[in-house]
Amino acid sequence: MTQVMDSGATITRVTDLFSSREAEAAIARIEQQVAEAQVRAAQAQQVQADIDAVRASATSPRREVTVTVDAAGRLAGIRLADAAYELRPDALEQLIVETAGRAQVLAGEQALEITRVAFGADSPIVGHLAGELDREPPSQPMGFRV
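Described below are features of the structure shown in this document. (Residues numbered from 1 in each chain as written. Predicted model: local features only at pLDDT ≥ 70, side-chain atom pairs only at ≥ 80, totals over all residues. Heavy atoms only, no water.)

**Quick notes on the side chain of E64**
Defined as follows: Counting from the N terminus, the helices are the DSSP runs of H or I reaching at least four residues and the strands are the DSSP runs of E reaching at least two. Contacts described as polar in this section are N or O atom pairs within 3.5 Å, which, within protein, must combine one atom able to donate a hydrogen with one able to accept it, while residues neighboring in sequence count only if both atoms come from side chains. In what follows, residue pairs with any heavy atoms lying within 4.5 Å of each other are defined as contacts.
Along the chain, E64 falls in the loop between β3 (55–59) and β4 (65–70). Only 2.8 Å separates the side chain of E64 from the side chain of S60, close enough to count as a polar contact. Polar side-chain contacts of E64 include one of 3.0 Å to the side chain of R62. Dropping the residues within four chain positions of it, E64 is found in contact with R79, L80, A81, A83, A84, L87 and L95.

Here it is, written out as structure tokens:
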């Protein structure tokens, strides 16, 4: 390490701190870390696209209602068979909510599997998503007015 005296202060040249071999090794490690980060970023973008594409449908036991939701549980579609119109409004409402709940579970399981494959079963992301899926959905329709 070269030290230079300048007005009574000792200045160490940074270039002297590393040998050229150490510098090359440090640069190689940094380049590898950048490449790995780029791979992880691309993987995360693909996982997000795959999850965004998830749709799951569930049909009521007697086939009156079919509900389709996305991975977040948002309603993407609903189909009512003629038999649905024969139900009392409160029974139809409950049937829609229950069927949507089943569709949400299926969509969540698909999203969980996509995440598990991408990040591994022990990933904190997978653990968080699994915890979200374990939460109980509301058993009664929330009923709201606009």
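**What about the sheet that holds β4?**
To keep it simple, the criterion reads: When DSSP finds two or more bridges between a pair of strands, those strands are recorded as paired. With axes taken as lines fitted to C-alpha atoms, and helix axes fitted only over the stretch in contact, angles between N-to-C directions fall between 0 and 180 degrees.
Strand order in the open sheet formed by 3 strands is β3-β4-β5, and the pairing between neighbours is antiparallel. Only two strands of the sheet have a single partner each, and these edge strands are β3 and β5 (75–80). Across this sheet, the average inter-strand angle for adjacent strands is 15 degrees, counted without regard to direction. For β3 and β4, the ladder comprises 5 bridges, and the chain directions are antiparallel. From the neighbouring strand, T59 faces β4, where its bridge partner is T66.

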